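Coordinate inspection notes
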Amino acid sequence: QQQVKQSPQSLIVQKGGISIINCAYENTAFDYFPWYQQFPGKGPALLIAIRPDVSEKKEGRFTISFNKSAKQFSLHIMDSQPGDSATYFCAASELAGGTSYGKLTFGQGTILTVHP
Amino acid sequence: GAGVSQSPSNKVTEKGKDVELRCDPISGHTALYWYRQSLGQGLEFLIYFQGNSAPDKSGLPSDRFSAERTGGSVSTLTIQRTQQEDSAVYLCASSKSRVSGANVLTFGAGSRLTVL
């Protein structure tokens, strides 16, 4: 019930291409869906996040698409660059109830490699 | 400090020994979280501290794991009688607490624990 399933485990993209990472969740109480980016030797850092009241959110080259009925969301990286090479984690949590609680359930991570 | 500081960055110990991992959160952040990142796995929630409230320990995998937060700031995660399966990167994060809306977690670089 609490799982977030992420795919693919690894992804290789050419510079300028589109990187797509998918996540699926089961818990319908989840109402906050962030993506974190992690470089080797560093902690994860928030990249972009979405609430279920919108189907898409775009920030620069990064877009989250959200499908509430399918309980799926995805990260699209347009014009992928070698500097985007990192591990990406999707996550989900419950904010309803006003607890403003950061207990995130993470996906397994996707190692993205962008070749020059 | 400017970010979340964790120490040690690397710890190698023998099976059965106790270890302590330290986290110094961002000044002014009232919420503190511990996560565990095992090789090839996502981030696993361990424990959450919020101000003077009782911590949420629901993610601690066994009674060998404990954590405390002194003075609402520095936190220590203690693993007693370490086992090889405890080998992982232990990540600490902190956030401001908000009345509503999502907390943005700022992660430290982690403490890599290797149990021989």
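Summary of the structure given here. (Residues numbered from 1 in each chain as written. Chains lettered and ligands numbered in written order. Predicted model: local features only at pLDDT ≥ 70, side-chain atom pairs only at ≥ 80, totals over all residues. Heavy atoms only, no water.)

Some words on the layout of surface pockets
In this structure, the largest pocket spans a volume of roughly 650 Å³. Around the largest pocket sit 28 residues that line it, and Gln38 of chain A together with Gln37, Leu39, Val89 and Arg112 of chain B are the ones nearest its centre. Every element with two or more residues in the lining of the largest pocket is listed here: β9 (86–92) and β11 (110–115) of chain A together with β8 (88–95) and β10 (111–115) of chain B. Split by residue class, the lining of the largest pocket holds 10 nonpolar, 16 polar and two charged. Considering only enclosed or pocket space, the second largest pocket measures out at about 540 Å³ in volume. In this structure, the second largest pocket is lined by 23 residues; those nearest its centre are Thr105 and Phe106 of chain A together with Leu43, Glu44 and Phe45 of chain B. Contributions of two or more residues to the lining of the second largest pocket are made by β10 (105–106) of chain A together with β5 (43–50) of chain B. Ranked by the residues each element gives to the lining of the second largest pocket, the list is headed by β5 of chain B, at three residues. Along the lines of polarity and charge, the residues of the lining of the second largest pocket split into eight nonpolar, 11 polar and four charged. (1 Å grid on protein atoms, 1.4 Å probe; cavity = no way out; pocket = protein on both sides within 12 Å on 5 of 7 lines; lining within 4 Å. Points joined across faces, edges and corners; volume = space filled by probe spheres on them. Helix = DSSP H or I, 4+ residues; strand = E, 2+ residues; numbered from the N terminus. Nonpolar A, V, L, I, M, F, W, Y, C, P; charged D, E, K, R; others polar.)

Regarding the packing of aromatic side chains
Aromatic rings in a pair are described by how distant their centres are and how their planes are angled relative to each other. Residue and element names in this part refer to chain A. Under the counting rule described, the total for this entry stands at 15 aromatic pairs over all chains. Measuring from centroid to centroid gives 6.2 Å for Tyr25 and Phe73, while their planes differ by 55 degrees, and the two rings are tilted. With Tyr25 in strand β3 (residues 19–25) and Phe73 in strand β8 (residues 72–77), this pair connects stretches of sequence that are 48 residues apart. One exposure class covers both Tyr25 and Phe73, and it is buried. Here Phe33 and Phe73 contribute two aromatic rings whose centre-to-centre distance is 4.9 Å and whose plane-to-plane angle is 55 degrees, an arrangement assigned as tilted. Here Phe33, found in strand β4 (residues 33–38), pairs with Phe73, found in strand β8; they are 40 residues apart in sequence, far enough to count as distant. (Phe/Tyr/Trp six-rings, centres within 6.5 Å; stacked < 30°, edge-to-face > 60°. Buried < 20%, exposed > 50% of the residue type's maximum accessible area, 1.4 Å probe, protein only.)

A closer look at the sheet that holds strand β1 (residues 4–7) of chain A
Residue and element names in this part refer to chain A. Spatially, five strands are ordered β1-β3-β8-β7-β6 in an open sheet, and the strand pairing comes out antiparallel. In this open sheet, the two edge strands, each paired with only one partner strand, are β1 and β6 (56–59). Across this sheet, the average inter-strand angle for adjacent strands is 15 degrees, counted without regard to direction. Bridge count for β1 against β3 is four bridges, and the pairing is antiparallel. (Pairing = 2+ DSSP bridges. Axes fitted to C-alpha atoms, helices over the stretch in contact; angles between N-to-C directions.)

Quick word on the state of the cysteines
If you walk through the whole model with that rule in mind, you get two disulfides over all chains. The side chain of Cys23 of chain A participates in a disulfide bridge whose partner is Cys90 of chain A; the two sulfur atoms lie 1.9 Å from each other. Judged by the sign of its S-S torsion, about -95 degrees, the bond between Cys23 of chain A and Cys90 of chain A is left-handed. Highlighted residues: Cys23 of chain A in strand β3 and Cys90 of chain A in strand β9, separated in sequence by 67 residues. Using a relative accessible area of 0% as the deciding quantity, one classes Cys90 of chain A as buried. Paired through a disulfide, Cys23 of chain B and Cys92 of chain B show a sulfur-sulfur distance of 1.9 Å. Linking Cys23 of chain B and Cys92 of chain B, the disulfide has an S-S dihedral of approximately -65 degrees and is accordingly described as left-handed. (Disulfide = S-S within 2.5 Å.)

Describing the pattern of salt bridges
One pass over the full model with this rule turns up six salt bridges over all chains. A salt bridge links Lys57 of chain A to Glu59 of chain A; its shortest N-O distance comes to 3.7 Å. Ionic pairing is found between Asp24 of chain B and Arg22 of chain B, a salt bridge with its closest N-O pair at 3.8 Å. Accessibility expressed as a relative area gives 39% for Arg22 of chain B, which makes it partly exposed. (Salt bridge = Lys/Arg side-chain N within 4 Å of Asp/Glu carboxyl O.)

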